[in-house]
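A structural walkthrough
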Protein chains: 4
Amino acid sequence: MKNTFGTNVTLTLFGESHGSEIGAVLDGLAPGLPVDEAFIASQLDLRRSIGAISTARHEKDEFRIVSGVFNGRTTGTPLCILIPNTDVQSADYADVTCVPRPGHADYTSAVKYGGFNDYRGGGHASGRLTAPLVAAGAILLSALRTKEILIGTHISRLAGIDDAPLTPSEEEIRQLGTRPFAVLSDAAGEKMRAAIEEAATDGDSVGGVLETAVFGLPAGLGEPWFDSVEGLLAHAIFSIPGVKGVSFGDGFDIAERSGSEANDAFARVGDRIVTKTNHSGGIQGGITNGMPLTFRTAVKPTPSIAKTQKTLDFSSGEETDLSVSGRHDPAIVHRARVVVDSVTALVLADLLSGRFGTDWLREG
Amino acid sequence: MKNTFGTNVTLTLFGESHGSEIGAVLDGLAPGLPVDEAFIASQLDLRRSIGAISTARHEKDEFRIVSGVFNGRTTGTPLCILIPNTDVQSADYADVTCVPRPGHADYTSAVKYGGFNDYRGGGHASGRLTAPLVAAGAILLSALRTKEILIGTHISRLAGIDDAPLTPSEEEIRQLGTRPFAVLSDAAGEKMRAAIEEAATDGDSVGGVLETAVFGLPAGLGEPWFDSVEGLLAHAIFSIPGVKGVSFGDGFDIAERSGSEANDAFARVGDRIVTKTNHSGGIQGGITNGMPLTFRTAVKPTPSIAKTQKTLDFSSGEETDLSVSGRHDPAIVHRARVVVDSVTALVLADLLSGRFGTDWLREG
Amino acid sequence: MKNTFGTNVTLTLFGESHGSEIGAVLDGLAPGLPVDEAFIASQLDLRRSIGAISTARHEKDEFRIVSGVFNGRTTGTPLCILIPNTDVQSADYADVTCVPRPGHADYTSAVKYGGFNDYRGGGHASGRLTAPLVAAGAILLSALRTKEILIGTHISRLAGIDDAPLTPSEEEIRQLGTRPFAVLSDAAGEKMRAAIEEAATDGDSVGGVLETAVFGLPAGLGEPWFDSVEGLLAHAIFSIPGVKGVSFGDGFDIAERSGSEANDAFARVGDRIVTKTNHSGGIQGGITNGMPLTFRTAVKPTPSIAKTQKTLDFSSGEETDLSVSGRHDPAIVHRARVVVDSVTALVLADLLSGRFGTDWLREG
Amino acid sequence: MKNTFGTNVTLTLFGESHGSEIGAVLDGLAPGLPVDEAFIASQLDLRRSIGAISTARHEKDEFRIVSGVFNGRTTGTPLCILIPNTDVQSADYADVTCVPRPGHADYTSAVKYGGFNDYRGGGHASGRLTAPLVAAGAILLSALRTKEILIGTHISRLAGIDDAPLTPSEEEIRQLGTRPFAVLSDAAGEKMRAAIEEAATDGDSVGGVLETAVFGLPAGLGEPWFDSVEGLLAHAIFSIPGVKGVSFGDGFDIAERSGSEANDAFARVGDRIVTKTNHSGGIQGGITNGMPLTFRTAVKPTPSIAKTQKTLDFSSGEETDLSVSGRHDPAIVHRARVVVDSVTALVLADLLSGRFGTDWLREG
């Protein structure tokens, strides 16, 4: 289904980095959900730049909802969000078809689209497309919150620096949502920012790992084959530019454990069934167990670097040196986390709407 | 779409561990593909037990193709494979609804299906369902091979023991396909087997990491949003019971690198465009670049262990001790690899058929 | 999605007329639905022959449910039904690739499948495949009935003979379900049967029109774009071999009316909102309005006739005479009606499960 | 999938009659297709009003393509078309939630969307949404034409007046595309226009039947289950507001024939396999046979009429008289034909791209 994700709640993305507008169509929404434009704007702000450590491309991300909302609430029909591209400097990108940037989709897009793609600024593959994704996700995050389902992500590791571990508590999750640079430990956050600035100074970039927790999901969501919660989330999250790994619960570390160390014992706390540990990240057999859903996302260092790299010049057929000019982030990890939250909201809203019906997200 | 995966080539799984038969429907196949029943049988053998280190459940996995094949070739209509369950000892599993096994889908299935699921032996969530998946995958692996597309997986790490690194070369990939215990280093393989046997002696189990490489894929497969090669593969691979992580290329390690270390420089070798390194695992922007596709899959230790664990007895509401009796694997990593190969073949056959048309897999 | 229909409740068909078995996988069912095997058998009987007016192919249609049912109820996992082909006389069909039968899919299948299809008896395109469809539909019809949703079809017209008009009343719908030859007027029924027998005597065949009514659907089902109730039903019903037209409410006759004659005025009867007439067939803007859903299905005369026809002999490239031997129905209209009911149940179960959630069909 | 149609080539519609913009996202297009904006504009003109016989809502339908086109050609990424709503007089529609118009989706939408829908002018269910559908369809019609696949529709019958029969010849099909009022017989066309004007004078409306032919389709397109060419086309065409019937070839008339009259004999004309007649409309077993594809679409009379009708006033719970004011068409048949052509192009482009690959529409 290409640029559409989801079964009952679906998101379609369109647009190119240097086109007039980019946008998203969100379909299958329960009618009657409040649409909080201020919250959408604040989520878009989180996706954007933070002073020295982010790209100098400063777009206001003024969005326009052109359908699917009436009197401040969703109508249940497709909701289209448009975001104009206002701060476009296409000259910076003029030669990427001829001299593809390493680590970017310049070469693969040229092959896939037979050279007809809009190559400017990465075109349709640009991280810029995450803006409408975040705007759409904000509506879903709001809706999930009214059902006491909370999603939060922190920068677990960046440039070799670890944040404090996510406990996770609801309190922590709520706080993370408001932090521009989402860490639990301020000290770790300062070191990370310093590492980003250092990379920028070197004309280089750094990567990192995000960790996400979701509270309040009912048990019994997901399928053993093939629409496991892990599978659906991973499918969507691997769309986020730069993501190279997704793992749940203990993830790759669980492969180091014995069964007796990795299994989560069931217990009862009051009326609730819980597990004493959460190595599985709240999922067994692809289905939620009612514990917090936890997962980690590996984000590669930004491929656009000023440092000289080798690439091919397709006009001459010879290898050439390349220094990527233009405005680029020395890291995208901190910006990617709101995209991860948004994508997570999409997958969960889809699963919940499929399980409990189209109107469930609104129902009292 | 629940128990169906794929868009142009689709696989539907059905059955329960202790039902009369389990099976798969493979649809969207090119007509005219040879169906090599001996190869299917050999792949099913790879999925099954290897002496002391695998489950004592010994099923011959006699499969029957009841549709979609005529005169030894695919017809282009749905191909249904049935595998009877012949060696079923249901008594072993009688109490899992009441006393759910930690790490299994007993509890989550009971919630999801309202207690109506066939709980015996894990029911529909059982790893037993990978048998028809492997049988179907064998047909696709054969078809891909005629197009010079090769898929191979080794046990990269098990119980803390590393195999030799996958180079990867075509030679290696071809060899891996024939090894019952798929390692590159015999010495590492012996240590791994010893570790599995030791875990068995302890009534415990071990996990590991598989690494897969695919040769011969054309550049230009996959979508930036949302059907990236990474997203589609991860979606399908997370269905395999016990998988908790999927990563591409350098995976989580890429987050430790700088951009200048992580980018893959383009170069030319004769007529071919290559990258000098392959940190990205053959994918940029969700699209193949013609280099080997590489990814890693984290498999947790088998949750069924003889060692005493804590769980809940739903009849009394009290915590209780549980020692899982019955026949179980002290490790599933070595068996999971042929499942990974099969799932990979499904995803790639689907992508290739979508890209080049329904008949491409047969065409000269 | 080829041989799979549906979004939340899905049906996958597989098999060939002369293979060992044909079957269906029904997925997305609510767990806990009773499975009444006697009712399934009786529906399969309705699909089969009635003495002189139907094909001499007499299969018992012994079905086997191999998955998805436990202790007499659905588990919520894929339900696979197998029906063996026991009364196969392949010799009758040996030359259809070379000399395609007019009105059949012999030629179109040969082109589509590149000559690799199993041509015997129509192969995968055979009306025989409606048997598993009817078996699966029976489970859904039972489930809908417990929710007071009733589906019934009569032979509105056959060989130029009209049945009495469908009022429709619930009483009528309930009665139609039990009649082997589904007419409201016994006199009309006798004339129709006589016409069928006469066609048989002539080595010819007759067609007709079915009319279906559904009671008890809630208002608000369906989408304006593109998954209208009309669109989904038509999509599925056009799969039934021989169907060449589908219309809703007044159908093609509505094109003869003025707006003031065609509009259905709203009124109130007690607490219920109704329309005084039902020209629209219970659907406005693609969405149900709570009135009976009504539609008509045009079924062509059976293409297999003993009368001599012209066709091509592909071996010589010359025109040739053909008299279709073997066992064939002089009409399929009366047999198609239970297929229409089954397909209707599938579409409605899918819509209802999407609207109200996966478990709605079971819920009190 | 609600507001998205298609598998390999997909169309998503969004917008409301009185929102700021309506639009469509067309995805899965071959890269490199020329985009002829003048042809899009001319198709939009065909959809709009013709003097006295169409609605007085005069929008210029100025469209904007905001993505997926670069240097005048498709990029292969999602193509979004926006059309502003400029001539909106919302006051005309203020009371439809309270006093639903017979024959409209006012009541069914209110139920479906829980009263949250934008009811003005029919909201999302408005025929206005066919404008972006026609704009998107124009791009596909152009692409199909370069492959010698021609689609044409005439008004076969309107208000009881028959047009001359569609032969069909390629010449006829090409001519129909350019006629604002698409009839073959000028005399019939004049009578039809007179009937429309008469209905307008009476405050009433008329319906009709469209007939479509497609030339140049290869044999072998479509599936026996469930994605027959008939099923896919009907699914999409029933989305067009006011459509109540779809039939192929002889349609409902075929039910009146005997098998010997209805079967199409195969013959050879030079190198081509043809059928001597075309009762089946170019489709057997759901699959194209290479003959012209023909089908008929029943369009009901416009439900908006000035004549007094009965309806319910939901505020009082009482029946009330209603005369629909505002600007309305006394017939939509002549405007619907370009929508039918567009929808047909979508279905065929989807089928062809699935069969022959993503780039086929561009390939030489």
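Fair warning: this is a prediction, and the values are worked out from it, not measured in the lab. (Residues numbered from 1 in each chain as written. Chains lettered and ligands numbered in written order. Predicted model: local features only at pLDDT ≥ 70, side-chain atom pairs only at ≥ 80, totals over all residues. Heavy atoms only, no water.)

Our focus in this paragraph is the overall build of chain A. Check the secondary structure of chain A and you find eight helices and 18 strands. For a compact globule of 364 residues, the expected C-alpha radius of gyration is about 21 Å, and chain A comes in at 21 Å, within 12% of that figure. Per-residue burial over chain A gives 69% buried out of 364 residues. Restricting the contact set of chain A to residue pairs at least 6 apart, pairs at least 24 apart contribute 71%. (Helix = DSSP H or I, 4+ residues; strand = E, 2+ residues; numbered from the N terminus. Rg over C-alpha atoms; globule rule 2.2 N^0.38 Å. Buried < 20%, exposed > 50% of the residue type's maximum accessible area, 1.4 Å probe, protein only. Contact = heavy atoms within 4.5 Å.)

As a further point, take the relation of the copies chain A and chain C. Mapping chain A onto chain C is achieved by rotating through 180° and translating by 0.0 Å along the same axis, at an RMSD of 0.0 Å. Both copies are brought into coincidence by an operation consistent with a two-fold rotation axis. Across chain A, the rotation axis passes nearest the C-alpha of A:Gly357, at a separation of 2.0 Å. The fraction of interface residues of chain A whose copies in chain C are also interface residues reaches 100%, indicating that both copies meet through the same surface. (Least-squares fit on C-alpha atoms with pLDDT ≥ 70 in both.)

For the rest of this paragraph, the subject is the sheet that holds strand 7 (residues 79–84) of chain D. Residue and element names in this part refer to chain D. Taking strand neighbours across the sheet as the criterion, the five strands line up as 1-2-3-7-4 in an open arrangement whose pairing is antiparallel. Lying at the two open borders of the sheet, with one neighbouring strand each, are strand 1 (4–5) and strand 4 (64–65). As defined by bridge partners, strand 1 adjoins strand 2 (residues 10–14) across two bridges and the pair is classed as antiparallel. Note on strand 2: the bridge partner recorded for Phe5 is Leu11. (Pairing = 2+ DSSP bridges.)

This next bit is on the interface of chain A and chain C. You'll often see interface size given as the accessible area lost when the parts meet. Contacts between the two partners involve nine residues from chain A and, on the opposite side, nine residues from chain C. Buried surface at the junction of chain A and chain C, both sides included, amounts to about 620 Å², of which 33% is carbon and sulfur. When the buried surface of chain A facing chain C is broken down by residue, A:Asn8, A:Arg355 and A:Thr358 rank first, second and third, together holding 51% of it. Linking chain A with chain C are two salt bridges, by the criterion used here. Our count for the contact surface shared by chain A and chain C stands at five residue pairs in polar contact (both at pLDDT 80 or more). The residue makeup of the side of chain A that touches chain C, split by class, is one nonpolar, six polar and two charged. (Buried area = accessible area lost by both parts, 1.4 Å probe. Salt bridge = Lys/Arg side-chain N within 4 Å of Asp/Glu carboxyl O. Polar contact = N/O pair within 3.5 Å; in protein donor to acceptor, adjacent residues only side chain to side chain. Nonpolar A, V, L, I, M, F, W, Y, C, P; charged D, E, K, R; others polar.)

On the side of chain B, 101 residues touch chain A, which itself brings 101 residues to the contact. Across the chain A to chain B interface the summed buried area is about 8,000 Å²; carbon plus sulfur atoms make up 61%. On the chain A side of the contact with chain B, A:Trp225, A:Phe226 and A:Lys244 bury the most area, a combined 13% of that side's loss. Linking chain A to chain B there are eight salt bridges. For B:Lys112, the salt bridge goes to A:Glu223, with nearest N and O atoms at 3.0 Å. Between chain A and chain B we count 49 residue pairs in polar contact (both at pLDDT 80 or more) in total. With six residues, strand 11 (residues 243–248) of chain A is the largest single contributor of residues to the side of chain A that touches chain B. Looking at the side of chain A that touches chain B residue by residue, the class counts come to 44 nonpolar, 37 polar and 20 charged. Pairing between strand 11 of chain A and strand 11 (residues 243–248) of chain B: three bridges, direction antiparallel. Of the residues in strand 11 of chain B, the one forming a bridge with A:Ser247 is B:Gly245.

Turning to the relation of the copies chain A and chain B, a few remarks are in order. Turning chain A through 180° and shifting it by 0.0 Å along the axis lays it on chain B, with an RMSD of 0.0 Å. The residues that chain A uses at the interface reappear at the interface of chain B in 100% of cases, marking a shared surface.

This part is about the environment of D:Ser342. Residues and elements named next belong to chain D. Assignment of secondary structure puts Ser342 in helix 8 (residues 333–356). A relative accessible area of 1% means that Ser342 is categorised as buried. Note: C-alpha distance between Ser342 and Leu140 (202 residues apart in sequence) is 7.7 Å. Dropping the residues within four chain positions of it, Ser342 is found in contact with Leu133, Val134 and Gly137.

Here we come to helix 1 (residues 37–47) of chain D. Residues and elements named next belong to chain D. Of all the residues in helix 1, the buried ones are Phe39, Ile40, Gln43, Leu44, Leu46 and Arg47. The arc that holds the buried residues of helix 1, viewed along the axis, is 155°, so those residues lie on one side. Where helix 1 starts, the residue carrying a side-chain oxygen 3.1 Å from the main-chain nitrogen of Ala38 turns out to be Asp36. (Arc of directions from axis to C-beta.)

Residue and element names in this part refer to chain C. Taken N-terminus to C-terminus, the directions of helix 1 (residues 37–47) and helix 3 (residues 130–146) make an angle of 130°; their axes are 9 Å apart at the nearest point. Judged on the interaxial angle alone, helix 3 and helix 1 are oblique. Where helix 1 crosses over helix 3, the two elements pack in a sense that is right-handed. On helix 3, the residues that touch Phe39, Ile40, Gln43, Leu44 and Arg47 of helix 1 are Thr130, Ala131, Val134, Ala135, Ala138, Ile139, Leu141, Ser142 and Arg145. Tallied by class, the residues present in the contact of helix 1 with helix 3 amount to nine nonpolar, three polar and two charged. (Axes fitted to C-alpha atoms, helices over the stretch in contact; angles between N-to-C directions. Parallel < 35°, antiparallel > 145°, perpendicular 65-115°, else oblique. Left-handed = near helix turned anticlockwise from the far one by under 90°.)

With that out of the way, let us pick up the sheet that holds strand 2 (residues 10–14) of chain A. All names here are of chain A. In spatial order, the strands read 1-2-3-7-4; together these five strands make up an open sheet with antiparallel pairing. With one partner strand each, in any of the chains shown, strand 1 (4–5) and strand 4 (64–65) form the two edges of the open sheet. Pairing of strand 2 with strand 3 (residues 21–27) involves five bridges; the strand directions are antiparallel. Bridge pairing in strand 3 places Leu11 opposite Leu26.

Next up on the list: the confidence of the model for chain A. Counting all residues, the mean pLDDT for chain A is 93, and 93% of those residues have values of 70 or more. The ipTM value of the predicted complex is 0.96, and its pTM value is 0.97. (pLDDT = per-residue confidence, 0-100.)

In this section: the state of the cysteines. Throughout the structure, instances matching the rule amount to zero disulfides over all chains. In this structure D:Cys80 is not part of a disulfide, and its nearest cysteine sulfur, from A:Cys80, lies 5.7 Å away. In this structure D:Cys80 comes out as buried when scored by relative accessible area, which is 0%. (Disulfide = S-S within 2.5 Å.)

This part takes up the packing of aromatic side chains. All names here are of chain C. In this structure the tally under the stated criterion is 34 aromatic pairs over all chains. For the ring pair Phe248 and Phe295, a centre distance of 5.6 Å and an interplane angle of 40° mean the geometry is tilted. With Phe248 in strand 11 (residues 243–248) and Phe295 in strand 16 (residues 293–299), the pair connects residues that are 47 residues apart, well separated along the chain. Take Phe295: its relative accessible area is 0%, and that puts it in the buried class. (Phe/Tyr/Trp six-rings, centres within 6.5 Å; stacked < 30°, edge-to-face > 60°.)

Let us now look at the packing of helix 3 (residues 130–146) of chain A against helix 8 (residues 333–356) of chain A. Residue and element names in this part refer to chain A. As a packed pair, helix 3 and helix 8 sit with axes 8 Å apart at the nearest point and diverge in direction by 55°. It follows from the interaxial angle that helix 3 and helix 8 lie oblique. The two elements helix 3 and helix 8 meet at a crossing, and its hand is left-handed. In this structure, helix 3 uses Thr130, Leu133, Val134, Gly137, Leu140, Leu141 and Leu144 to contact helix 8, whose residues at the interface are Val338, Val339, Asp341, Ser342, Val343, Ala345, Leu346, Leu348, Ala349 and Leu352.

Residue and element names in this part refer to chain B. Counting buried positions along strand 8 (residues 150–158) gives eight out of nine residues, so the element sits mostly inside the fold. Bridge count for strand 8 against strand 10 (residues 208–215) is eight bridges, and the pairing is antiparallel. Counted as the bridge partner of Leu150 is Phe215 from strand 10. Summarising the sheet, strand 8 and strand 9 (residues 161–162) pair through two bridges and their orientation is antiparallel. Bridged to Arg157 within strand 9 is Asp162. Hairpin geometry of strand 8 and strand 9 is characterised by an intervening segment of two residues between the two adjacent antiparallel strands and by a positive phi of about 50° at Ala159.

It is worth spelling out helix 3 (residues 130–146) of chain D at this point. Over its 17 residues, helix 3 of chain D extends 24 Å from the first C-alpha to the last, a length consistent with the 24 Å expected when each residue adds 1.5 Å. For helix 3 of chain D, a buried count of 15 out of 17 residues is recorded, marking the element as mostly surrounded by other parts of the structure. (Expected span 1.5 Å × (residues − 1).)

Within this structure, the stated rule accounts for 65 salt bridges over all chains. Salt-bridge contacts for A:Asp250 lead to A:Arg257; the nearest nitrogen and oxygen are separated by 2.2 Å. For A:Arg257, a relative accessible area of 27% corresponds to the partly exposed category. What emerges from the salt-bridge pattern is a single network uniting A:Arg157, A:Asp162 and B:Glu256.

Let us look at the side chain of B:Glu230. Tracing the backbone through its elements, the reader meets B:Glu230 in helix 6 (residues 229–237). The class of B:Glu230 is buried, set by a relative accessible area of 3%. Beyond its immediate stretch of four places on either side in the chain, B:Glu230 contacts A:Phe238, A:Val243, A:Lys244, B:Phe248, B:Ile283 and B:Gly286.

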